[in-house]
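# Results of the structural survey
Each chain is listed here by its residues.
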Amino acid sequence: MSALLSLRSVSKTFGGLAAVKSLSLDVERGAIVSLIGPNGAGKSTVFNLITGIYAPTDGTISLDGRALNGMKPSAVAASGIMRTFQNIRLFAFMSVLDNVMVGRHVRMRAAVWDGAFHTPSARREESAVAQSAMQLLEFVGLRRYAHEWARNLPYGMQRRLEIARALAPEPSLLLLDEPAAGTNPAEKQALMDLVTSIRDRGVTVLLIEHDMRLVMGISDEIHVLDYGEKIAAGLPETVRRDPRVIEAYLGKGA
Ligand code: ADP
Ligand code: MG
């Protein structure tokens with residue numbers, strides 16, 4: 001069976017800087033695949049390429065065998081790829097519930113917002129959306145904060161809310177860009193457990209994390225980037241012992 005997501009010799013240059021160099025990788029359905037590497041390695045750029053924020057300078061990206069090249073971010077989202085950002089992007093002055101409901105509308109587009117609350121059928125649809133949003137909040141452990149403003153949540157919970165919002169359109173592939181960044185060690189571990197339960201729901205996960213130890217226990221496969229180049233890939237135990245990986249993380253002579 002072919003991979004859900006495939007990158008083939010994907011490159012991206014910004015002016016003279018090669019941020020991603022001829023990267024190939026496959027993400028199999030039902031897997032948790034992690035992309036790790038030092039700051040500036042090109043990890044977030046890979047997400048921006050997959051989601052259509054940037055067009056690759058070279059190479060092809062495909063979902064389920066279908067090329068994504070040239071698609072706008074909204075079309076990529078509609079095809080089943082959702083993401084979170086390294087820096088949280090929530091609607092601060094909207095309720096936690098509304099933040100998730102907005103996520104759901106990625107797939108329904110204009111009609112729902114325009115028609116919301118005006119006709120009985122729009123109201124029914126809206127209440128079904130609210131119900132599934134509540135279920136997602138339950139899933140990420142935020143149900144009791146549904147009617148709080150997003151900005152009032154502590155940081156770790158905002159991270160969870162972003163994940164709930166990204167899950168709302170029922171993506172086949174979820175891209176998580178350092179979901180545990182800025183959280184305390186207990187929250188970090190809880191977020192990694194959440195990633196596992198997302199995979200157990202049937203959502204394939206591509207996870208970016210700076211801290212290699214954090215993803216060791218949950219990843220089926222790890223790809224290591226350094227200066228835009230893949231320097232190692234494979235099972236967590238293999239990658240951890242790779243001398244190039246150790247050098248990239250700890251410097252020469254480590
Ligand atoms: P990572 O997420 O691994 O920390 P990034 O993908 O954010 O790394 O960045 C990789 C390299 O590409 C960095 O040198 C960064 O400065 C550069 N870069 C990323 N986006 C842009 C951009 N829009 N314009 C110019 N350079 C960029
Ligand atoms: Mg990044």
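In this text, all values refer to a predicted model and were calculated from it rather than measured experimentally.

### Topic: the coordination of the magnesium ion (ligand 2)
Six octahedral donors around a metal ideally subtend angles of 90 or 180 degrees, whereas four tetrahedral donors ideally subtend 109.5 degrees. In the first shell of the magnesium ion (ligand 2), the protein supplies S44 (OG) and Q86 (OE1), at 2.1 to 2.2 Å from the metal. In this pair, S44 is assigned in helix 1 (residues 43-50) and Q86 in the loop between strand 6 (81-83) and helix 3 (96-104), connecting sequence segments 42 residues apart.

### Concerning unusual backbone geometry
We note that S22 has phi near 40°; this positive angle belongs to a residue other than glycine. Its location among the elements puts S22 in strand 2 (residues 17-27). In this structure S22 comes out as partly exposed when scored by relative accessible area, which is 47%. Phi at Y227 takes a positive value of approximately 50°, unusual for a residue other than glycine. With respect to the helices, strands and loops of the structure, Y227 is situated in the loop between strand 9 (221-226) and strand 10 (229-234).

### Topic: the packing of aromatic side chains
Inspection of every chain in the model, using the stated rule, returns two aromatic pairs. Judged by centre distance (5.1 Å) and plane angle (75°), the ring pair of F14 and Y54 falls under edge-to-face. One end of the pair, F14, is in strand 1 (residues 5-14); the other, Y54, is in the loop between helix 1 and strand 4 (58-63), with 40 residues separating them in the sequence. The exposure class of F14 is partly exposed, given its relative accessible area of 33%. Accessibility expressed as a relative area gives 30% for Y54, which makes it partly exposed. Ring centres 5.1 Å apart and planes at 80° place the aromatic pair F93 and W149 in the edge-to-face group. With a gap of 56 residues between them, F93 in the loop between strand 6 and helix 3 and W149 in the loop between helix 5 (120-140) and helix 6 (155-167) connect regions that are remote in the sequence. Take F93: its relative accessible area is 56%, and that puts it in the exposed class.

Rules and cut-offs
Residues numbered from 1 in each chain as written. Chains lettered and ligands numbered in written order. Predicted model: local features only at pLDDT ≥ 70, side-chain atom pairs only at ≥ 80, totals over all residues. Heavy atoms only, no water. Donors = N, O, S within 2.8 Å, 3.2 Å for Na, K, Ca; no water. Helix = DSSP H or I, 4+ residues; strand = E, 2+ residues; numbered from the N terminus. Buried < 20%, exposed > 50% of the residue type's maximum accessible area, 1.4 Å probe, protein only. Phe/Tyr/Trp six-rings, centres within 6.5 Å; stacked < 30°, edge-to-face > 60°.

All quantities given are derived from atomic positions and should not be read as evidence of function.
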